[in-house]
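Analysis of the macromolecular model
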Amino acid sequence: MKFGKSICVLNVGGTRYAFTREVIRDFPLRRVSRLIACATEKEVLELCDDYDRDRNEFFFDRHAQAFVFIMLYVRSGKLRFVPGVCELSFYTEMLYWGLESAHLDSCCQKRLDDRMSDIGLDTLSEGDIEDEPQSPGESVQEAELTCRARWLEKMRKAFEEPNSSLVAQLLASVSVIFVIVSMIMLCASTLPDWDTAKRTTVEEHRIVEAVCIGWFTAECIVRFLVAKDKWDFLRRPLNIIDVIAITPYYVTMAMARAGMPGAGLGVAGVILRVLRMMRVFWLMKLARHFLGLQTLGLTLRRCYREMVMLMVFVCVAMAIYSALAQLLEHGLDLETQNSDYASIPAAAWWVIISMTTVGYGDVYPVTIGGRVLGGMCVVSGIVLLALPITFIYHSFVQCYHELKLRSARYARNLSAEMLQ
């Protein structure tokens, strides 16, 4: 259908939005982008409720306030529920415009899952709110129009969401295998006989290491290219860990080409050894594939205030007890001074292992006052450590339940994909 004007007006519940045809063509909302592919006015009316040819205005009889929040998602990439609006009603609006629950922020996804569980509803689909099926010609035009966007979205989900499809599960399995191989090689490299074995199989070792690094590098580059927000991608902790884990290999190769391949070159050798050990951060990549690690990371992120509170409790108690221990064991009786408590920092080591009830036994008080102080230190350590644990535990259970529901939703989608 040829539009008479280059400006298209979307009228959603009485609120008008003006866009150029180019913007409409690449619009993130599927229902809006399909307007360009319509060949007749009848097809246009299948997507909207009314159309004014003179003003080139498309009218949608939908919730205006909900569309405001959906437009905020189009601009900023963050989608949240409208305050005071039922979660299912807003979700229906999302499905109408072509969005899914995966586009919601994690907190709103939990609210939606809880709401669906309360009413015994597993999932909704866009087909539940569509009145008329699409014509074959319209489907072909839409596919041609949004082919690149859909391909990028599928690629993003394949690398970012391991449970979203069979391809994503296959890529996740390959990534886990490479992580395990890399960790085995890292552990084996610290064995006394490794240098002797490496001399006999040096070529095989280099090939395995190069393949692992090549996979991690390609994975990181592809995930960056298909990311919606490149700056947000670079700020994510797991992505930073990926870069930290990959960089040492290329730094090592660069230093080797510069004539510094050995481990005994003073500062350069120390830097090489440190960079090699930084590959242990590859284990953090497993957090993308295992629910337990994801739950732990999400719990720590949400409970950072409780963790800071715990650290403050421990630091204050450690400062007080270490000062008293140094005074009782070393500062009062000059004839029987305990050399293990010669300074407050030295006594702080005894305080921390006592408060956590580890008690290695390498440092212990010998005076009566010091032993009484040690008993008080142990008891107070148990109390202080137990105070924030309840909050952290409840947050852990909540995060686990949330991630489990999300994993179940992906499993349902995967089952539907296999049946098609």
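Residues numbered from 1 in each chain as written. Predicted model: local features only at pLDDT ≥ 70, side-chain atom pairs only at ≥ 80, totals over all residues. Heavy atoms only, no water.

1. Quick word on the packing of helix α16 (residues 304-331) against helix α18 (residues 368-386)
Viewed as axis vectors pointing N to C, α16 and α18 meet at an angle of 175°, and their least axial separation amounts to 10 Å. Between α16 and α18, the interaxial angle falls into the category roughly antiparallel. On α18, the residues that touch L310, F313, V314, A317, Y321, L324, A325, L328 and E329 of α16 are G369, G370, L373, M376, C377, S380, L384 and L385. For the contact of α16 with α18, the class distribution of residues is 13 nonpolar, three polar and one charged. (Axes fitted to C-alpha atoms, helices over the stretch in contact; angles between N-to-C directions. Helix = DSSP H or I, 4+ residues; strand = E, 2+ residues; numbered from the N terminus. Parallel < 35°, antiparallel > 145°, perpendicular 65-115°, else oblique. Contact = heavy atoms within 4.5 Å. Nonpolar A, V, L, I, M, F, W, Y, C, P; charged D, E, K, R; others polar.)

2. Notes on the nonpolar core
Core analysis: the biggest nonpolar cluster contains 39 residues, and L10, F58, F60, F90 and W97 have the highest contact counts within it. Counting residues per element, the ones that place at least two in this core are β1 (7-12), β2 (15-20), α3 (41-47), β4 (57-60), α4 (64-76), α5 (87-97) and α6 (106-118). The greatest single-element share of this core, amounting to seven residues, is contributed by α5. By size, the runner-up hydrophobic cluster in this structure holds 14 residues, among which are V176, M183, C220 and Y249. (Core = buried A, V, L, I, M, F, W, Y, C linked by side-chain atoms within 4.5 Å. Buried < 20%, exposed > 50% of the residue type's maximum accessible area, 1.4 Å probe, protein only.)

3. A look at the side chain of S33
Locating S33 in the fold gives a position in helix α2 (residues 30-33). The class of S33 is buried, set by a relative accessible area of 2%. Within the local environment of S33, its side chain forms a polar contact with the backbone oxygen of R30, the two atoms lying 3.0 Å apart. (Polar contact = N/O pair within 3.5 Å; in protein donor to acceptor, adjacent residues only side chain to side chain.)

4. Some remarks on empty space enclosed by the protein
Scanning the model with the defined rule gives two cavities of 30 Å³ or more in all. Taken as a whole, the largest cavity spans an internal volume of roughly 50 Å³. Forming the walls of the largest cavity are A158, F159, P162, A168, L171, A172, S175, E219 and H289. Looking at the lining of the largest cavity, the elements with two or more residues in it are α8 (147-160) and α9 (166-188). In terms of residue class, the lining of the largest cavity is built from six nonpolar, two polar and one charged. (1 Å grid on protein atoms, 1.4 Å probe; cavity = no way out; pocket = protein on both sides within 12 Å on 5 of 7 lines; lining within 4 Å. Points joined across faces, edges and corners; volume = space filled by probe spheres on them.)

5. Some thoughts on the confidence of the model for the protein chain
As a general rule, the predicted coordinates of low-pLDDT regions are not to be interpreted in detail. Mean pLDDT over the protein chain: 78, with 82% of residues reaching 70 or higher. Ranking the helices and strands of the protein chain by mean pLDDT puts helix α17 (residues 344-355) first, with 91, and helix α7 (residues 136-145) last, with 45. Within the model, pLDDT remains below 50 along residues 125-145, and this stretch shows 26 contacts once partners closer than five positions in the same chain are excluded. (pLDDT = per-residue confidence, 0-100.)

6. Comments concerning the pairing of β2
As paired strands, β1 and β2 are joined by six bridges and run antiparallel to one another. In the sheet register, V9 faces β2, and the bridge partner there is A18. Taken together, β1 and the strand that follows it, β2, pair antiparallel across an intervening segment of two residues, in which G13 is found at a positive phi of about 60°. (Pairing = 2+ DSSP bridges.)

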